[in-house]
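Breakdown of the fold
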Amino acid sequence: MSPVRTDGDTVLVITDRDSDTGDAVTLALQDLGVRIVRFDLADLGRTVSVSARCDGGRWQGSLTVRSRVTKLCDVRSVFWCHPTPPRVWVDGMTQAQTQWASQEALAGLAGVLGTLECLHVNHPSDIRRAQVKAGVVAAAERAGLTVPPTWIGSIPSGARRFNLGAMDGIVTKTLTIPQITEDDHHVRPLCTTLVVDSDLDAVATGITHLQHRVVTDYAVRAHAIGTRTVAVRIDAHTTAGRADWRAAPESLTYTPVTLPAAVEDALNALVQGYGLSYAASDLLVDSQDRWHFVDLNPQYRWLEHAMPDLGITQALAQLLAGDSECPRRNGLTAAA
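Note that the structure is a prediction, hence the values are computed from the model and not measured.

Section: the packing of aromatic side chains
Evaluation of the coordinates by the stated rule reveals four aromatic pairs. Judged by centre distance (5.1 Å) and plane angle (25°), the rings of Trp245 and Trp302 are stacked. In this pair, Trp245 is assigned in the loop between α6 (239-243) and β16 (252-256) and Trp302 in helix α8 (residues 301-306), connecting sequence segments 57 residues apart. Every member of this aromatic cluster is reached through a ring pair, and the members are Trp245, Tyr254 and Trp302.

This is how it looks when you write it as structure tokens:
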């Protein structure tokens, strides 16, 4: 397989127009003097259009954003930051037709851009793989990380057997989005919750994700950006915050921290195994200084609001501009 082209001069920033992360990375790229084209997939048909042809096994053509034309071969890197899917609607279309046409638009536009042989931070297909919690748990253990014993299932007797082996109890956690948005748009967070034996009959109603509880001294959010690692110690000062620091953000304090070499090496193996050039990992450290991996998570801007000199945005911009190394993916230098 031929190597990825790195001689392009344009960075695509594909993100929601109101994205704080998109704003920050765009500004950092501007400071580096990089040519940037920022847009949202939802702008297709309004300010965004594409014309591409597959020629010799590669997609060639152009992307037009607000009348500004970029040749696909001139794209150096792509920053995918939670873009909004396109919505195609023409007067007289039914809801089913609108949904079909919108899916076609997403498959075409994101599909063509996703084939570009350049750095992707992170490629949508790899993001989807890294969001499957069951797969992440297994991959983390293979990479050499310590993961709390984990159970996923719908049979109460299995959950009870799992509970018997938990010295400090078990907790339940979400497998997807850690919140529910109600019909009135009220957002109800779903934090890590302690479970007792009498709760376990409820697992028969669906699928439940359980883990052995880690009695936490402090938590760590570790960010891998290309070959760099930026880690932050998170100390919670309330009972709720020590159970899940997301439950009490006002009780937290943050301190830069250096990871043990073995933990950093294992995290890098995990991240690169997914083809990612950027990922944040959540870890819990107990009173015996044992490090437990619990999740992969892409969010970081909330930490930079608390620690403006953290440097993650600048590292991402340098990576996209070609000033930092990135892992190899499927024989290509790429990020997912």
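Some words on helix α7 (residues 261-273)
Helix length check: α7 (13 residues) gives 18 Å between terminal C-alpha atoms against 18 Å at 1.5 Å per residue, within 8%. Those residues of α7 that fall on the buried side of the exposure criterion are Val263, Ala266, Leu267, Asn268, Leu270 and Val271. Taken together, the buried residues of α7 touch α4 (133-143), β14 (216-225), β15 (228-236), β17 (278-286) and β18 (291-297). Residue Gly275 follows α7 closely and has a positive phi angle near 75°.

Details of unusual backbone geometry
Note: most peptide bonds trans; most residues except glycine with negative phi. Of the consecutive residues Val121 and Asn122, the connecting peptide bond is found in the cis state with omega at -10°. Relative to the helices and strands, Asn122 resides in the loop between β7 (119-121) and α3 (124-130). Even without being glycine, Arg66 reaches a positive phi, approximately 50°. With relative accessibility at 49%, the residue Arg66 sits in the partly exposed group. In the Ramachandran plot, Ser67 falls in the positive-phi region, its phi being about 70° despite a non-glycine side chain. With respect to the helices, strands and loops of the structure, Ser67 is situated in the loop between β4 (58-65) and β5 (68-71).

Focus on the packing of α4 against α7
Axis separation between α4 and α7 bottoms out at 8 Å; the angle between their running directions is 135°. Between α4 and α7, the angle is such that the two are oblique. Between α4 and α7 lies a crossing whose hand is right-handed. In this structure, α4 uses Val136, Ala139, Ala140 and Ala143 to contact α7, whose residues at the interface are Ala266, Ala269 and Leu270.

Some details on the confidence of the model for the protein chain
Scored by pLDDT, the protein chain has a mean of 90; 94% of the residues are at 70 or more. Below a pLDDT of 50 lies the segment residues 326-336, which in the model reaches 47 contacts outside its immediate sequence neighbourhood of four places, other chains included.

Quick notes on the sheet that holds strand β12 (residues 193-195)
Pairing within the open sheet is antiparallel, and its four strands lie in the order β8-β13-β9-β12. If you trace the sheet from one side to the other, it starts and ends with β8 (150-153) and β12, each paired once. Pairwise comparison of adjacent strand axes, ignoring direction, gives a mean angle of 35° for this sheet. Of the strand pairs in this sheet, β8 and strand β13 (residues 208-212) are connected by four bridges, and their pairing is antiparallel. The residue of β13 that forms the bridge with Gly153 is Thr208.

Quick notes on the side chain of Gln211
As for its position among the elements, Gln211 is in strand β13. A polar contact of 3.0 Å, which involves the side chain of Gln211, links it to the side chain of Thr150. Apart from residues no more than four positions distant in its own chain, Gln211 is found in contact with Val147, Pro148, Pro149, Thr150, Phe162, Gly169, Ile170, Val171, Lys173 and Val294.

Regarding the pattern of salt bridges
Taken as a whole and assessed by the stated rule, the structure comprises 13 salt bridges. One salt bridge in this structure joins Asp201 and Arg160, with 3.1 Å as the shortest N-O distance. Pair noted here: Asp201 is in the loop between β12 and β13 and Arg160 is in helix α5 (residues 156-164), with a separation of 41 residues, a long-range link. Judged by relative accessible area, Asp201 falls into the partly exposed class, the value being 48%. In this structure, the salt-bridge partner of Asp235 is Arg233, at a minimum N-O distance of 2.8 Å. For Asp235, a relative accessible area of 14% puts it in the buried group. Connected through salt bridges with shared partners, the residues Asp20, Arg301 and Glu304 form a single ionic network.

Calculation notes
Residues numbered from 1 in each chain as written. Predicted model: local features only at pLDDT ≥ 70, side-chain atom pairs only at ≥ 80, totals over all residues. Heavy atoms only, no water. Phe/Tyr/Trp six-rings, centres within 6.5 Å; stacked < 30°, edge-to-face > 60°. Helix = DSSP H or I, 4+ residues; strand = E, 2+ residues; numbered from the N terminus. Expected span 1.5 Å × (residues − 1). Buried < 20%, exposed > 50% of the residue type's maximum accessible area, 1.4 Å probe, protein only. Contact = heavy atoms within 4.5 Å. Axes fitted to C-alpha atoms, helices over the stretch in contact; angles between N-to-C directions. Parallel < 35°, antiparallel > 145°, perpendicular 65-115°, else oblique. Left-handed = near helix turned anticlockwise from the far one by under 90°. pLDDT = per-residue confidence, 0-100. Pairing = 2+ DSSP bridges. Polar contact = N/O pair within 3.5 Å; in protein donor to acceptor, adjacent residues only side chain to side chain. Salt bridge = Lys/Arg side-chain N within 4 Å of Asp/Glu carboxyl O.

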